[in-house]
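Survey of secondary and tertiary structure
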Amino acid sequence: MIRSTLLFLALAIASAHAQTSPVFGQCGVCADGSACVFQNPFYSQCVPGAATTTAPPTTTVGSTTTVKSSSSTSSAPTSTASVPAQTGFVKTSGTKFTLNGAPYTLFGSNAYWLPLMGYSTTDINKAFADIVASGATTVRTWGFNEVTSANGVYFHLWNGKTATVNTGANGLGALDTVIAAAKAHGIRLIIALTNNWSDYGGMDVYAAQLLGSGQPHDVFYTNPTIIAAFKSYVQTVVTRYANEPTILAWELANEPSAASSTCNTTTISTWASTISTFIKSLDSNHLVTLGDEGFFNRPGSNNFDFVYQGTLGIDFEANIKITTLDFATFHTNSDLDTQMYPQSWSETGNPNSDAWGVQWITDHATVMKAANKPAILEEFGLTGTRNTTYADWYSAVLSTGITGDLIWQAGSQLTNGPTPDDGYMIFPTDPVYTLMQAHAKALKARG
Ligand SMILES: *[C@@H]1O[C@H](CO)[C@@H](O)[C@H](O)[C@H]1NC(C)=O
Ligand SMILES: *[C@@H]1O[C@H](CO)[C@@H](O)[C@H](O)[C@H]1NC(C)=O
Ligand SMILES: *[C@@H]1O[C@H](CO)[C@@H](O)[C@H](O)[C@H]1NC(C)=O
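Residues numbered from 1 in each chain as written. Chains lettered and ligands numbered in written order. Predicted model: local features only at pLDDT ≥ 70, side-chain atom pairs only at ≥ 80, totals over all residues. Heavy atoms only, no water.

1. Considerations on the nonpolar core
- Grouped together as the largest cluster of nonpolar side chains are 100 residues, with contacts concentrated most on Leu114, Phe128, Leu189, Trp250, Leu252, Trp271 and Ile279.
- The biggest single contributor to this core is helix α6 (residues 224-240), with 8 residues.
- When sequence neighbours within four positions are dropped, the list of residues in contact with Trp271 reads Phe220, Tyr221, Ile227, Phe230, Leu252, Ala253, Pro256 and Leu290.
- Phe97, Leu106, Ile190 and Phe327 belong to the second-largest nonpolar core, a separate cluster that totals 12 residues. (Core = buried A, V, L, I, M, F, W, Y, C linked by side-chain atoms within 4.5 Å. Buried < 20%, exposed > 50% of the residue type's maximum accessible area, 1.4 Å probe, protein only. Helix = DSSP H or I, 4+ residues; strand = E, 2+ residues; numbered from the N terminus. Contact = heavy atoms within 4.5 Å.)

Rendered as C-alpha coordinates:
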(Lines give C-alpha, C1' and ligand atoms only; values in the text may rest on other atoms or scores of the structure.)
(Ligands and ions follow the chains in the order given, each with its own letter.)
Protein backbone atom coordinates (compact mmCIF):
# COMPACT_ATOMS: atom_id res chain seq x y z
CA MET A 1 0.00 0.00 0.00
CA ILE A 2 2.81 2.38 0.88
CA ARG A 3 4.78 1.47 -2.16
CA SER A 4 1.82 1.73 -4.46
CA THR A 5 1.03 5.21 -3.09
CA LEU A 6 4.58 6.31 -3.77
CA LEU A 7 4.57 4.68 -7.16
CA PHE A 8 1.31 6.39 -8.03
CA LEU A 9 2.75 9.77 -7.00
CA ALA A 10 5.92 9.17 -8.96
CA LEU A 11 3.95 8.15 -12.04
CA ALA A 12 1.59 11.09 -11.74
CA ILE A 13 4.46 13.54 -11.51
CA ALA A 14 6.39 11.90 -14.28
CA SER A 15 3.47 11.94 -16.70
CA ALA A 16 2.43 15.49 -15.80
CA HIS A 17 5.87 16.78 -16.64
CA ALA A 18 6.73 14.56 -19.57
CA GLN A 19 9.53 12.77 -17.72
CA THR A 20 11.31 16.00 -16.74
CA SER A 21 10.84 17.18 -13.16
CA PRO A 22 10.26 20.89 -12.67
CA VAL A 23 12.54 22.96 -10.47
CA PHE A 24 11.67 22.00 -6.83
CA GLY A 25 9.64 19.02 -8.10
CA GLN A 26 10.17 15.46 -6.99
CA CYS A 27 13.19 14.21 -8.88
CA GLY A 28 13.00 12.15 -12.01
CA VAL A 29 14.99 13.76 -14.74
CA CYS A 30 15.59 17.32 -13.57
CA ALA A 31 14.90 20.42 -15.62
CA ASP A 32 17.90 22.20 -17.17
CA GLY A 33 20.05 23.99 -14.62
CA SER A 34 18.83 21.94 -11.67
CA ALA A 35 19.95 18.65 -10.21
CA CYS A 36 18.38 15.99 -8.05
CA VAL A 37 19.20 16.44 -4.37
CA PHE A 38 18.23 13.48 -2.23
CA GLN A 39 16.70 14.44 1.13
CA ASN A 40 15.49 11.13 2.57
CA PRO A 41 13.80 8.03 1.21
CA PHE A 42 10.56 9.97 0.81
CA TYR A 43 11.57 13.15 -0.88
CA SER A 44 14.15 14.52 -3.23
CA GLN A 45 14.12 17.79 -5.11
CA CYS A 46 15.44 19.27 -8.33
CA VAL A 47 17.48 22.18 -6.96
CA PRO A 48 18.90 24.87 -9.26
CA GLY A 49 22.68 24.77 -9.47
CA ALA A 50 22.98 21.75 -7.15
CA ALA A 51 25.40 18.94 -7.72
CA THR A 52 23.63 15.61 -7.98
CA THR A 53 23.90 13.61 -4.80
CA THR A 54 23.56 9.91 -4.52
CA ALA A 55 20.97 8.45 -2.22
CA PRO A 56 22.37 7.05 1.02
CA PRO A 57 21.29 3.51 1.91
CA THR A 58 17.60 3.65 2.63
CA THR A 59 16.21 2.55 5.94
CA THR A 60 13.12 0.49 6.45
CA VAL A 61 10.18 2.39 7.82
CA GLY A 62 7.75 0.26 9.69
CA SER A 63 4.39 1.97 9.37
CA THR A 64 2.28 3.60 6.74
CA THR A 65 1.69 6.82 8.68
CA THR A 66 5.05 8.44 8.09
CA VAL A 67 5.29 7.38 4.52
CA LYS A 68 1.92 8.75 3.57
CA SER A 69 2.49 11.97 5.42
CA SER A 70 5.94 12.51 4.00
CA SER A 71 4.84 11.89 0.47
CA SER A 72 1.82 14.13 0.81
CA THR A 73 3.67 16.98 2.50
CA SER A 74 6.49 16.80 0.00
CA SER A 75 4.00 17.38 -2.77
CA ALA A 76 2.24 20.20 -0.90
CA PRO A 77 4.56 23.09 -1.81
CA THR A 78 3.92 22.65 -5.52
CA SER A 79 0.35 23.81 -5.01
CA THR A 80 1.01 26.45 -2.34
CA ALA A 81 2.38 29.55 -3.99
CA SER A 82 3.10 31.43 -0.76
CA VAL A 83 5.49 28.80 0.64
CA PRO A 84 9.11 29.70 0.05
CA ALA A 85 11.15 27.00 -1.61
CA GLN A 86 13.65 25.45 0.78
CA THR A 87 16.84 25.69 -1.14
CA GLY A 88 20.26 26.67 0.11
CA PHE A 89 21.62 26.30 3.60
CA VAL A 90 21.57 29.02 6.23
CA LYS A 91 25.09 30.45 6.66
CA THR A 92 26.65 33.17 8.79
CA SER A 93 28.26 36.49 7.90
CA GLY A 94 29.75 38.41 10.80
CA THR A 95 27.06 38.60 13.49
CA LYS A 96 24.25 37.81 11.00
CA PHE A 97 22.70 34.79 9.32
CA THR A 98 22.28 34.64 5.56
CA LEU A 99 20.37 32.46 3.13
CA ASN A 100 21.30 32.37 -0.54
CA GLY A 101 23.14 35.66 -0.08
CA ALA A 102 20.19 37.51 1.51
CA PRO A 103 19.74 38.29 5.23
CA TYR A 104 18.03 35.51 7.21
CA THR A 105 16.12 36.66 10.29
CA LEU A 106 16.23 34.05 13.04
CA PHE A 107 12.99 34.43 14.94
CA GLY A 108 10.57 31.89 16.34
CA SER A 109 9.84 29.31 18.98
CA ASN A 110 11.00 26.23 20.74
CA ALA A 111 8.77 23.20 20.26
CA TYR A 112 10.68 20.23 21.67
CA TRP A 113 7.52 18.13 21.56
CA LEU A 114 6.99 18.12 17.80
CA PRO A 115 8.51 14.69 17.01
CA LEU A 116 8.02 13.07 20.41
CA MET A 117 4.29 12.88 21.11
CA GLY A 118 3.17 10.58 18.33
CA TYR A 119 1.14 13.39 16.78
CA SER A 120 -0.50 12.82 13.42
CA THR A 121 0.81 14.65 10.39
CA THR A 122 -2.36 16.74 10.43
CA ASP A 123 -1.59 17.88 13.97
CA ILE A 124 2.06 18.59 13.20
CA ASN A 125 1.00 20.70 10.24
CA LYS A 126 -1.49 22.56 12.47
CA ALA A 127 1.29 23.27 14.97
CA PHE A 128 3.53 24.64 12.22
CA ALA A 129 0.68 26.74 10.83
CA ASP A 130 0.29 28.40 14.26
CA ILE A 131 4.04 28.91 14.54
CA VAL A 132 4.30 30.46 11.08
CA ALA A 133 1.44 32.84 11.84
CA SER A 134 3.43 34.19 14.81
CA GLY A 135 5.99 35.45 12.26
CA ALA A 136 8.49 32.65 12.89
CA THR A 137 11.21 31.58 10.50
CA THR A 138 12.88 29.11 12.85
CA VAL A 139 11.93 26.36 15.32
CA ARG A 140 14.13 24.46 17.77
CA THR A 141 13.28 20.86 18.56
CA TRP A 142 14.72 17.62 19.96
CA GLY A 143 16.55 15.10 17.82
CA PHE A 144 17.13 12.71 20.71
CA ASN A 145 15.14 10.36 22.89
CA GLU A 146 17.19 7.77 24.83
CA VAL A 147 15.16 4.87 26.22
CA THR A 148 15.78 1.50 27.83
CA SER A 149 12.45 0.00 26.78
CA ALA A 150 10.63 0.41 23.49
CA ASN A 151 7.45 2.42 24.06
CA GLY A 152 5.81 5.18 22.05
CA VAL A 153 8.18 7.33 20.04
CA TYR A 154 11.86 6.68 20.74
CA PHE A 155 15.04 7.33 18.78
CA HIS A 156 17.80 5.45 20.62
CA LEU A 157 17.04 2.15 22.37
CA TRP A 158 19.54 0.83 24.93
CA ASN A 159 19.84 -2.85 25.78
CA GLY A 160 22.69 -3.08 28.26
CA LYS A 161 25.69 -1.43 26.61
CA THR A 162 24.25 -1.77 23.12
CA ALA A 163 22.22 1.03 21.57
CA THR A 164 20.18 0.85 18.38
CA VAL A 165 18.85 3.81 16.44
CA ASN A 166 15.14 3.43 15.68
CA THR A 167 14.69 4.47 12.07
CA GLY A 168 11.05 3.35 11.98
CA ALA A 169 7.91 5.46 11.88
CA ASN A 170 7.98 5.75 15.69
CA GLY A 171 11.67 6.70 15.56
CA LEU A 172 13.52 8.95 13.15
CA GLY A 173 10.52 8.55 10.84
CA ALA A 174 8.71 10.90 13.24
CA LEU A 175 11.53 13.41 12.79
CA ASP A 176 11.22 12.96 9.00
CA THR A 177 7.56 13.96 9.31
CA VAL A 178 8.44 17.07 11.33
CA ILE A 179 11.10 18.06 8.82
CA ALA A 180 8.70 17.58 5.91
CA ALA A 181 6.05 19.70 7.67
CA ALA A 182 8.62 22.42 8.51
CA LYS A 183 9.69 22.45 4.89
CA ALA A 184 6.11 22.73 3.67
CA HIS A 185 5.65 25.76 5.97
CA GLY A 186 8.93 27.47 5.05
CA ILE A 187 10.42 26.93 8.54
CA ARG A 188 14.07 26.01 9.33
CA LEU A 189 14.95 23.81 12.29
CA ILE A 190 17.62 23.79 14.98
CA ILE A 191 17.92 20.18 16.16
CA ALA A 192 19.54 19.27 19.49
CA LEU A 193 21.30 15.89 19.70
CA THR A 194 21.17 15.16 23.45
CA ASN A 195 20.06 16.68 26.74
CA ASN A 196 21.91 17.75 29.87
CA TRP A 197 18.67 16.92 31.68
CA SER A 198 17.03 13.54 32.08
CA ASP A 199 14.00 14.53 29.99
CA TYR A 200 13.94 12.18 27.01
CA GLY A 201 16.95 10.30 28.37
CA GLY A 202 19.90 12.54 27.81
CA MET A 203 23.51 12.31 28.92
CA ASP A 204 22.96 10.30 32.09
CA VAL A 205 21.50 7.38 30.12
CA TYR A 206 24.79 6.98 28.21
CA ALA A 207 26.71 6.99 31.49
CA ALA A 208 24.40 4.55 33.28
CA GLN A 209 24.25 2.08 30.38
CA LEU A 210 27.92 2.11 29.46
CA LEU A 211 29.59 2.52 32.86
CA GLY A 212 26.92 1.36 35.32
CA SER A 213 24.47 3.28 37.45
CA GLY A 214 25.59 5.97 39.89
CA GLN A 215 28.11 7.58 37.54
CA PRO A 216 28.72 11.30 37.93
CA HIS A 217 26.92 13.35 35.25
CA ASP A 218 30.15 14.89 34.01
CA VAL A 219 31.73 11.64 32.72
CA PHE A 220 29.63 12.28 29.63
CA TYR A 221 32.15 14.92 28.53
CA THR A 222 35.34 12.94 29.12
CA ASN A 223 34.83 9.15 29.08
CA PRO A 224 36.10 7.76 25.73
CA THR A 225 33.47 4.98 25.57
CA ILE A 226 30.65 7.47 26.09
CA ILE A 227 32.13 9.90 23.57
CA ALA A 228 32.35 7.08 20.99
CA ALA A 229 28.72 6.04 21.64
CA PHE A 230 27.48 9.62 21.37
CA LYS A 231 29.46 10.12 18.15
CA SER A 232 27.87 6.98 16.75
CA TYR A 233 24.35 8.33 17.39
CA VAL A 234 25.33 11.76 16.05
CA GLN A 235 26.75 10.18 12.91
CA THR A 236 23.51 8.29 12.17
CA VAL A 237 21.34 11.38 12.56
CA VAL A 238 23.64 13.89 10.89
CA THR A 239 24.35 11.74 7.83
CA ARG A 240 20.64 10.92 7.40
CA TYR A 241 19.89 14.63 6.92
CA ALA A 242 23.24 15.99 5.70
CA ASN A 243 21.67 17.33 2.48
CA GLU A 244 18.46 18.62 4.06
CA PRO A 245 18.24 22.44 3.78
CA THR A 246 15.28 22.58 6.20
CA ILE A 247 17.78 21.99 9.00
CA LEU A 248 19.40 25.27 10.03
CA ALA A 249 21.81 23.86 12.60
CA TRP A 250 22.88 20.87 14.63
CA GLU A 251 23.04 21.56 18.32
CA LEU A 252 25.40 19.43 20.42
CA ALA A 253 23.12 19.34 23.46
CA ASN A 254 20.34 21.12 25.25
CA GLU A 255 22.03 23.12 28.03
CA PRO A 256 25.28 21.20 28.53
CA SER A 257 26.77 22.10 31.89
CA ALA A 258 28.75 20.74 34.79
CA ALA A 259 27.28 19.07 37.83
CA SER A 260 30.46 19.15 39.94
CA SER A 261 33.74 21.02 40.23
CA THR A 262 35.68 18.17 38.60
CA CYS A 263 34.16 19.42 35.36
CA ASN A 264 35.42 22.91 34.62
CA THR A 265 34.89 25.24 31.68
CA THR A 266 37.87 23.72 29.82
CA THR A 267 36.29 20.26 30.07
CA ILE A 268 33.12 21.29 28.24
CA SER A 269 34.92 23.58 25.77
CA THR A 270 37.16 20.62 24.81
CA TRP A 271 34.15 18.35 24.43
CA ALA A 272 32.33 20.97 22.34
CA SER A 273 35.35 21.30 20.08
CA THR A 274 35.68 17.50 19.66
CA ILE A 275 32.03 16.87 18.82
CA SER A 276 31.60 19.90 16.56
CA THR A 277 34.76 18.97 14.62
CA PHE A 278 33.32 15.48 14.18
CA ILE A 279 30.01 16.85 12.85
CA LYS A 280 31.81 19.15 10.43
CA SER A 281 33.77 16.13 9.11
CA LEU A 282 30.45 14.39 8.28
CA ASP A 283 28.38 17.34 7.11
CA SER A 284 29.81 20.50 5.59
CA ASN A 285 26.35 21.93 4.81
CA HIS A 286 24.97 22.71 8.24
CA LEU A 287 25.80 25.20 10.95
CA VAL A 288 26.74 23.78 14.35
CA THR A 289 26.09 25.30 17.77
CA LEU A 290 26.63 24.23 21.39
CA GLY A 291 23.14 24.84 22.87
CA ASP A 292 24.35 26.13 26.22
CA GLU A 293 22.72 28.71 28.45
CA GLY A 294 25.52 31.23 27.97
CA PHE A 295 26.99 31.27 31.48
CA PHE A 296 30.00 33.51 31.97
CA ASN A 297 33.33 32.59 33.56
CA ARG A 298 34.09 35.83 35.38
CA PRO A 299 34.74 34.82 39.00
CA GLY A 300 33.86 37.55 41.50
CA SER A 301 31.95 39.67 38.97
CA ASN A 302 28.31 40.80 38.98
CA ASN A 303 27.92 40.69 42.73
CA PHE A 304 28.71 36.94 42.71
CA ASP A 305 25.56 36.20 40.67
CA PHE A 306 26.23 32.49 40.12
CA VAL A 307 25.58 32.51 36.38
CA TYR A 308 28.66 34.76 35.96
CA GLN A 309 31.08 32.72 38.12
CA GLY A 310 32.23 29.90 35.78
CA THR A 311 31.18 27.24 38.27
CA LEU A 312 28.67 25.69 35.85
CA GLY A 313 31.31 24.52 33.38
CA ILE A 314 30.41 27.05 30.68
CA ASP A 315 32.55 29.95 29.48
CA PHE A 316 30.52 31.87 26.90
CA GLU A 317 33.48 33.99 25.84
CA ALA A 318 35.72 30.95 25.26
CA ASN A 319 33.09 28.85 23.52
CA ILE A 320 32.05 31.50 21.00
CA LYS A 321 35.66 31.42 19.74
CA ILE A 322 35.60 27.68 18.92
CA THR A 323 36.03 27.67 15.14
CA THR A 324 33.79 24.64 14.53
CA LEU A 325 30.89 26.33 16.33
CA ASP A 326 29.19 28.76 13.95
CA PHE A 327 27.07 30.72 16.38
CA ALA A 328 26.48 31.01 20.12
CA THR A 329 23.36 30.55 22.22
CA PHE A 330 22.16 31.80 25.59
CA HIS A 331 19.00 31.24 27.60
CA THR A 332 17.17 33.25 30.18
CA ASN A 333 14.76 31.93 33.02
CA SER A 334 13.92 28.55 35.06
CA ASP A 335 12.97 25.81 37.34
CA LEU A 336 16.48 25.32 38.64
CA ASP A 337 18.01 28.77 38.43
CA THR A 338 19.81 27.92 35.27
CA GLN A 339 18.19 29.22 32.17
CA MET A 340 17.13 32.83 31.47
CA TYR A 341 14.16 32.22 33.70
CA PRO A 342 14.86 34.93 36.30
CA GLN A 343 11.82 34.20 38.41
CA SER A 344 14.06 31.55 39.92
CA TRP A 345 17.24 33.52 39.42
CA SER A 346 15.69 36.19 41.62
CA GLU A 347 16.86 33.99 44.49
CA THR A 348 20.34 35.28 43.77
CA GLY A 349 19.29 38.80 44.67
CA ASN A 350 17.71 40.02 41.45
CA PRO A 351 14.16 40.95 42.38
CA ASN A 352 13.70 42.70 39.05
CA SER A 353 13.81 39.91 36.51
CA ASP A 354 12.88 42.31 33.74
CA ALA A 355 15.96 44.50 34.17
CA TRP A 356 18.12 41.48 34.96
CA GLY A 357 17.19 39.97 31.59
CA VAL A 358 17.97 43.19 29.74
CA GLN A 359 21.45 43.21 31.33
CA TRP A 360 21.96 39.51 30.48
CA ILE A 361 21.06 40.23 26.83
CA THR A 362 23.33 43.29 26.77
CA ASP A 363 26.29 41.37 28.23
CA HIS A 364 25.98 38.66 25.59
CA ALA A 365 25.72 41.24 22.80
CA THR A 366 29.05 42.74 23.88
CA VAL A 367 30.78 39.35 23.60
CA MET A 368 28.98 38.59 20.33
CA LYS A 369 30.27 41.77 18.71
CA ALA A 370 33.84 41.18 19.88
CA ALA A 371 33.75 37.64 18.46
CA ASN A 372 31.99 38.79 15.26
CA LYS A 373 29.74 35.69 15.23
CA PRO A 374 25.97 35.45 15.63
CA ALA A 375 24.50 34.90 19.09
CA ILE A 376 20.86 34.08 19.73
CA LEU A 377 18.61 34.30 22.76
CA GLU A 378 17.62 30.68 22.27
CA GLU A 379 15.19 30.25 25.19
CA PHE A 380 13.41 32.56 27.56
CA GLY A 381 10.34 32.10 29.64
CA LEU A 382 8.18 33.34 32.48
CA THR A 383 4.90 32.00 33.74
CA GLY A 384 1.86 34.15 34.50
CA THR A 385 1.53 37.63 33.03
CA ARG A 386 4.65 38.19 31.02
CA ASN A 387 3.95 40.32 27.97
CA THR A 388 5.46 43.50 29.49
CA THR A 389 8.70 41.76 30.41
CA TYR A 390 8.86 39.99 27.06
CA ALA A 391 8.33 43.34 25.31
CA ASP A 392 11.35 44.73 27.19
CA TRP A 393 13.49 41.70 26.34
CA TYR A 394 12.49 41.84 22.68
CA SER A 395 13.42 45.55 22.67
CA ALA A 396 16.78 44.67 24.18
CA VAL A 397 17.41 42.08 21.45
CA LEU A 398 16.58 44.68 18.80
CA SER A 399 18.67 47.49 20.26
CA THR A 400 21.74 45.49 21.30
CA GLY A 401 22.06 43.74 17.93
CA ILE A 402 21.55 40.21 19.29
CA THR A 403 21.12 38.17 16.12
CA GLY A 404 17.77 36.56 16.85
CA ASP A 405 15.57 34.85 19.40
CA LEU A 406 13.35 31.85 20.08
CA ILE A 407 10.67 31.90 22.73
CA TRP A 408 10.15 28.97 25.12
CA GLN A 409 7.76 27.77 23.79
CA ALA A 410 5.07 27.33 21.11
CA GLY A 411 1.68 25.84 21.92
CA SER A 412 -1.24 24.75 19.76
CA GLN A 413 -4.70 23.29 20.17
CA LEU A 414 -4.59 19.95 18.38
CA THR A 415 -7.12 17.21 17.63
CA ASN A 416 -7.00 15.71 21.13
CA GLY A 417 -6.40 18.93 23.06
CA PRO A 418 -3.54 21.32 23.77
CA THR A 419 0.15 20.52 23.33
CA PRO A 420 1.82 19.63 26.68
CA ASP A 421 1.87 22.92 28.60
CA ASP A 422 4.70 23.44 31.08
CA GLY A 423 3.29 26.85 32.02
CA TYR A 424 5.46 28.65 29.45
CA MET A 425 3.46 27.82 26.34
CA ILE A 426 2.26 30.61 24.09
CA PHE A 427 -1.00 29.61 22.43
CA PRO A 428 -2.31 31.81 19.61
CA THR A 429 -4.82 33.36 22.05
CA ASP A 430 -2.05 34.66 24.39
CA PRO A 431 -1.25 38.42 24.34
CA VAL A 432 2.39 37.38 23.85
CA TYR A 433 1.47 35.88 20.47
CA THR A 434 0.52 39.36 19.22
CA LEU A 435 3.74 40.69 20.66
CA MET A 436 5.67 38.01 18.76
CA GLN A 437 4.08 39.07 15.49
CA ALA A 438 5.14 42.69 16.05
CA HIS A 439 8.64 41.65 17.12
CA ALA A 440 9.04 39.41 14.06
CA LYS A 441 8.31 42.43 11.83
CA ALA A 442 10.70 44.65 13.75
CA LEU A 443 13.51 42.08 13.68
CA LYS A 444 13.07 41.49 9.95
CA ALA A 445 13.13 45.26 9.38
CA ARG A 446 16.27 45.68 11.52
CA GLY A 447 18.12 42.97 9.56
C1 LIG B 1 22.84 19.34 34.10
O2 LIG B 1 22.36 18.10 34.58
C3 LIG B 1 22.92 17.71 35.83
C4 LIG B 1 22.47 16.31 36.11
O5 LIG B 1 21.08 16.23 36.07
C6 LIG B 1 22.50 18.68 36.91
O7 LIG B 1 23.11 18.35 38.13
C8 LIG B 1 22.95 20.08 36.50
O9 LIG B 1 22.46 21.00 37.44
C10 LIG B 1 22.45 20.42 35.12
N11 LIG B 1 23.04 21.68 34.75
C12 LIG B 1 22.48 22.85 34.93
C13 LIG B 1 23.23 24.05 34.62
O14 LIG B 1 21.38 22.94 35.36
C1 LIG C 1 40.13 21.78 34.39
O2 LIG C 1 40.15 20.40 34.72
C3 LIG C 1 41.25 19.72 34.14
C4 LIG C 1 41.07 18.24 34.42
O5 LIG C 1 40.49 18.00 35.66
C6 LIG C 1 42.53 20.28 34.71
O7 LIG C 1 43.66 19.62 34.12
C8 LIG C 1 42.63 21.76 34.38
O9 LIG C 1 43.76 22.34 35.00
C10 LIG C 1 41.38 22.48 34.89
N11 LIG C 1 41.41 23.84 34.36
C12 LIG C 1 41.07 24.88 35.08
C13 LIG C 1 41.10 26.20 34.38
O14 LIG C 1 40.73 24.79 36.25
C1 LIG D 1 -0.18 42.89 27.43
O2 LIG D 1 -1.44 42.28 27.28
C3 LIG D 1 -2.52 43.08 27.69
C4 LIG D 1 -3.76 42.22 27.65
O5 LIG D 1 -3.97 41.72 26.36
C6 LIG D 1 -2.60 44.32 26.83
O7 LIG D 1 -3.62 45.17 27.28
C8 LIG D 1 -1.27 45.07 26.90
O9 LIG D 1 -1.28 46.13 25.99
C10 LIG D 1 -0.13 44.14 26.55
N11 LIG D 1 1.13 44.83 26.76
C12 LIG D 1 2.19 44.68 25.94
C13 LIG D 1 3.43 45.41 26.30
O14 LIG D 1 2.15 43.96 24.97
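Next comes the rest of the write-up.
2. Thoughts on unusual backbone geometry
- Looking along the chain, the bond that leaves Trp408 and enters Gln409 is cis, with omega of 5°.
- Tracing the backbone through its elements, the reader meets Gln409 in the loop between β18 (404-407) and β19 (413-414).
- Phi at Asn100 is positive, roughly 50°, even though this residue is not glycine.
- Note on placement: Asn100 falls in the loop between β6 (96-99) and β7 (102-104).

3. Here we look at the site of ligand 3
- In the vicinity of ligand 3, the contacting residues are Asn387, Ala391, Pro431 and Leu435.
- Bound to the protein, ligand 3 loses 36% of the 360 Å² it would expose on its own.
- Elements with a contribution of two residues or more to the shell around ligand 3: α11 (387-400) and α12 (431-446).
- Across the shell around ligand 3, the residue classes tally to 3 nonpolar, 1 polar and no charged. (Near = heavy atom within 4 Å. Areas by Shrake-Rupley, 256 points an atom, 1.4 Å probe, with all protein chains shown as cover. Nonpolar A, V, L, I, M, F, W, Y, C, P; charged D, E, K, R; others polar.)

4. Structural notes on the sheet that holds strand β12 (residues 162-165)
- In space, the 3 strands of this open sheet follow the order β10-β11-β12, with mixed pairing throughout. Looking at which strands have only one partner, the edges of the open sheet turn out to be β10 (146-147) and β12.
- Pairing of β10 with strand β11 (residues 156-159) involves 2 bridges; the strand directions are parallel. Paired with Val147 across the strands is Leu157, a residue of β11.
- Docked against the sheet, helix α5 (residues 203-211) engages β10 and β11, running at close to 25° with respect to β11. (Pairing = 2+ DSSP bridges. Axes fitted to C-alpha atoms, helices over the stretch in contact; angles between N-to-C directions.)

5. Observations regarding the environment of Trp356
- Relative to the elements of secondary structure, Trp356 occurs in helix α10 (residues 353-371).
- Taking the C-alpha atoms as reference points, Trp356 and Trp393, 37 residues apart in sequence, are found 9.8 Å from one another.

6. A word on the pattern of salt bridges
- Counted under the stated rule, the structure contains 9 salt bridges.
- Two residues, Arg140 and Glu378, come together in a salt bridge whose shortest N-O distance is 3.2 Å. With Arg140 in strand β9 (residues 138-142) and Glu378 in strand β17 (residues 375-380), the pair connects residues that are 238 residues apart, well separated along the chain. Of the two residues examined, Arg140 and Glu378, each falls in the buried class.
- When the shortest N-O distance is used, the salt bridge between Arg298 and Glu317 registers 3.2 Å. Residue Arg298 is found in the loop between β15 (287-289) and α8 (316-319), and its partner Glu317 is found in helix α8; the two are separated by 19 residues along the sequence.
- Using a relative accessible area of 25% as the deciding quantity, one classes Arg298 as partly exposed.
- Of the residues examined, Glu317 reaches a relative accessible area of 26% and is grouped as partly exposed. (Salt bridge = Lys/Arg side-chain N within 4 Å of Asp/Glu carboxyl O.)

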